[in-house]
There are 2 protein chains.
Amino acid sequence: MEQTLSLLEGHRSIRRYADEPVTAEQLDRILGSAQMASSSSHMQAYSVIGITDPQLRERLAELAGGQRHVREAPVFLVWCADLSRFAEAAGMHGAELQTSTEYFLVATVDAALAAQNAAIAAEAQGLGIVYIGGIRNDMRAVSELLELPPLVYPVFGMCIGVPAEEPDRRPRLPRTAVYAENRYPAGSRREGLEAYDREYREYIRGRSGGGRDTTWTQEMSGRTAYPPRTFTGLLREQGFRLED
Amino acid sequence: MEQTLSLLEGHRSIRRYADEPVTAEQLDRILGSAQMASSSSHMQAYSVIGITDPQLRERLAELAGGQRHVREAPVFLVWCADLSRFAEAAGMHGAELQTSTEYFLVATVDAALAAQNAAIAAEAQGLGIVYIGGIRNDMRAVSELLELPPLVYPVFGMCIGVPAEEPDRRPRLPRTAVYAENRYPAGSRREGLEAYDREYREYIRGRSGGGRDTTWTQEMSGRTAYPPRTFTGLLREQGFRLED
């Protein structure tokens, strides 16, 4: 199915949307596709919350760092890792779930696999999407807003709508930097990263009309200046254990 | 693109493969599609190791709990969360990466999104796949076998090959159990889970020719009897921090 491969290979994140709705039928196919993703031991340890309330949208857009597309996208989904159904199912048979890093990982991966199916199902219907990690800026506030119960946490958001922009394809790392046979490659990747930096710089210059001049390794280096998001305390309060 | 939607909605895990190779061209499209998946801040914090060495395969199949398809699949990929390139990029500019739960999460999600694109790209080429969480049974042994450096850990494996079985569609949780608007639904889901149990029991009976009789909540409950995999110690030794 060449069409599907071209769709996957042609992905771009879309942050500007036409003033057109995403139909109920389109959302149904998006969620149906998400539900058919693989899941560890068929646990299906994720939940999705679609934000239709404009005030809630406004608040989430602020919490995500003032991202206007979170406010304006026709559809905004919050993808949650969710062990609460697992716990409820066990409780129905008198068993108790002991959480662990493994289950935290399983729920997080289940949410990610389902979300990526949703992203592809959206793009297959002519829609565009962008993931929003910014909802982890203040995981506590987001969890309270969405009234997330114990054993549930918001992993990321996703904006969906009819594209009103056509960004260039953002260059990826060279294949040799991400794929190897049998063993992890030893030694420095500096040469490959420098070659990628040159390609990436051209992309950034083009995208910014020459206004910006940076490389991938510079961008990565720059990120280390910012303290990463912190939410382990909230996760523990929500019943996730990261000890084992 | 109805074809793509049908592909997503028709997913089944495949554990038996025909005696046909996956071609280099097919694998190239699979990896190319994986590389085009979304990535947090374009960090691309994952790596893939394709296991072609039969002895390595044999050992990984044992470590995964004796899963013959890990040994026999034409292609077996190990998907790793990888912050080592991020650290190397920062080092090229005299900066140092301080890891955290956030970066652990970012790398894990990046690996999952790329892997799911790979899964779809494989299925789009008439191949079948199954995720192998079993490589987390002994994350230390797998990491040593694959010579994973610090800031890299194996999230899951993936078998790929030409399907030699046609399993039934495994029923998913009702939509109302995984999707809601604006807020997480309050109260018990017991009714919905019981309805799902009835549907799931029919599926299991059919699949086992009547030999097995269980429900989804029974299966989930049964899992709590087994101690979950433990690997936080190994993760810490590999330089991942889960403190913040």
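Residues numbered from 1 in each chain as written. Chains lettered and ligands numbered in written order. Predicted model: local features only at pLDDT ≥ 70, side-chain atom pairs only at ≥ 80, totals over all residues. Heavy atoms only, no water.

Going by what an unreviewed UniProt entry lists, chain A is known as Oxygen-insensitive NADPH nitroreductase and is assigned to Paenibacillus albicereus. Recorded in UniProt for chain A, the comment headed Sequence similarities (unreviewed entry) runs: "Belongs to the flavin oxidoreductase frp family." (UniProt positions renumbered as here; feature names shortened; annotations may be inferred.)

J.: Could you give an account of the pattern of salt bridges, with specific residues and numbers?
T.: Under the defined criterion, the tally for this structure stands at 42 salt bridges over all chains. With its nearest N and O atoms 3.5 Å apart, the salt bridge here joins D213 of chain B to R205 of chain B. Under the relative-accessibility criterion, R205 of chain B is labelled partly exposed at 32%. A network of salt bridges, in which partner residues are shared, links E58, R68, R71 and E72 of chain A. (Salt bridge = Lys/Arg side-chain N within 4 Å of Asp/Glu carboxyl O. Buried < 20%, exposed > 50% of the residue type's maximum accessible area, 1.4 Å probe, protein only.)

J.: Before we move on, can you summarise the domain arrangement of chain A with the specific residues and values?
T.: The assigned domain composition of chain A is domain 1 (2-167 + 233-237) and domain 2 (175-213). Averaged C-alpha coordinates put domain 1 of chain A and domain 2 of chain A at centres separated by 29 Å. (Domains from an automatic or database assignment.)

J.: Hey, could you go over the interface of chain A and chain B for me, with residue numbers and the actual values?
T.: On the chain B side, the residues contacting the 118 residues of chain A number 118 residues. Buried surface at the junction of chain A and chain B, both sides included, amounts to about 10700 Å², of which 57% is carbon and sulfur. At the boundary of chain A with chain B, the tally comes to 14 salt bridges. With its nearest N and O atoms 3.4 Å apart, the salt bridge here joins R183 of chain B to E147 of chain A. Run the count over chain A and chain B and you get 75 residue pairs in polar contact (both at pLDDT 80 or more). If you tally residues by element for the side of chain A that touches chain B, the top one is helix α6 (residues 101-124) of chain A, at 15 residues. Residues of the side of chain A that touches chain B, tallied by class, amount to 57 nonpolar, 34 polar and 27 charged. Pairing of strand β1 (residues 46-50) of chain A with strand β5 (residues 179-181) of chain B, which is carried by 3 bridges, proceeds in the parallel orientation. (Contact = heavy atoms within 4.5 Å. Buried area = accessible area lost by both parts, 1.4 Å probe. Polar contact = N/O pair within 3.5 Å; in protein donor to acceptor, adjacent residues only side chain to side chain. Helix = DSSP H or I, 4+ residues; strand = E, 2+ residues; numbered from the N terminus. Nonpolar A, V, L, I, M, F, W, Y, C, P; charged D, E, K, R; others polar. Pairing = 2+ DSSP bridges.)

J.: Quick rundown of the environment of E2 of chain A? Include the residues and the values.
T.: Residue and element names in this part refer to chain A. Within the secondary structure, E2 sits in helix α1 (residues 2-9). The class of E2 is partly exposed, set by a relative accessible area of 45%. The sequence separation of E2 and R57 amounts to 55 residues, and the corresponding C-alpha distance is 37 Å.

J.: Tell me about the UniProt feature "domain: Nitroreductase" (unreviewed entry) in chain A, and please be specific about residues and values.
T.: According to UniProt, the positions carrying the feature "domain: Nitroreductase" (unreviewed entry) are residues 9-161 of chain A. The annotated region residues 9-161 of chain A carries 44% helix and 18% strand content, and the separation between its end C-alpha atoms amounts to 19 Å.

J.: Describe the packing of α6 of chain A against helix α6 (residues 101-124) of chain B, and please don't skip the residues or the numbers.
T.: Where α6 of chain A meets α6 of chain B, the axes come as close as 9 Å, and the angle between the chain directions of the two elements is 45 degrees. Overall, the two elements α6 of chain A and α6 of chain B adopt an arrangement that is oblique. Crossing angle aside, the handedness with which α6 of chain A passes α6 of chain B is right-handed. Here F104, L105, T108, V109, A112, L113, Q116, N117 and I120 of chain A of α6 of chain A lie close against α6 of chain B, whose contacting residues are F104, L105, T108, V109, A112, L113, Q116, N117 and I120 of chain B. When the residues that make up the contact of α6 of chain A with α6 of chain B are grouped by side-chain class, the tally is 12 nonpolar, 6 polar and no charged. (Axes fitted to C-alpha atoms, helices over the stretch in contact; angles between N-to-C directions. Parallel < 35°, antiparallel > 145°, perpendicular 65-115°, else oblique. Left-handed = near helix turned anticlockwise from the far one by under 90°.)

J.: Got a sec to walk through helix α10 (residues 216-223) of chain B? Specific residues and values, please.
T.: Those residues of α10 of chain B that sit buried are W216, T217, E219, M220 and S221 of chain B. For α10 of chain B, the secondary structure elements touched by its buried residues are α5 (84-91) of chain A together with α9 (190-207) of chain B.

J.: Give me the lowdown on the relation of the copies chain A and chain B, citing residues and values where you can.
T.: For the pair chain A and chain B, the best superposition has an RMSD of 0.0 Å and corresponds to a rotation of 180 degrees with a translation of 0.0 Å parallel to the axis. In symmetry terms, the pair is related by a two-fold rotation axis. A symmetric contact is evident, with 100% of the interface residues of chain A recurring at the interface of chain B. (Least-squares fit on C-alpha atoms with pLDDT ≥ 70 in both.)

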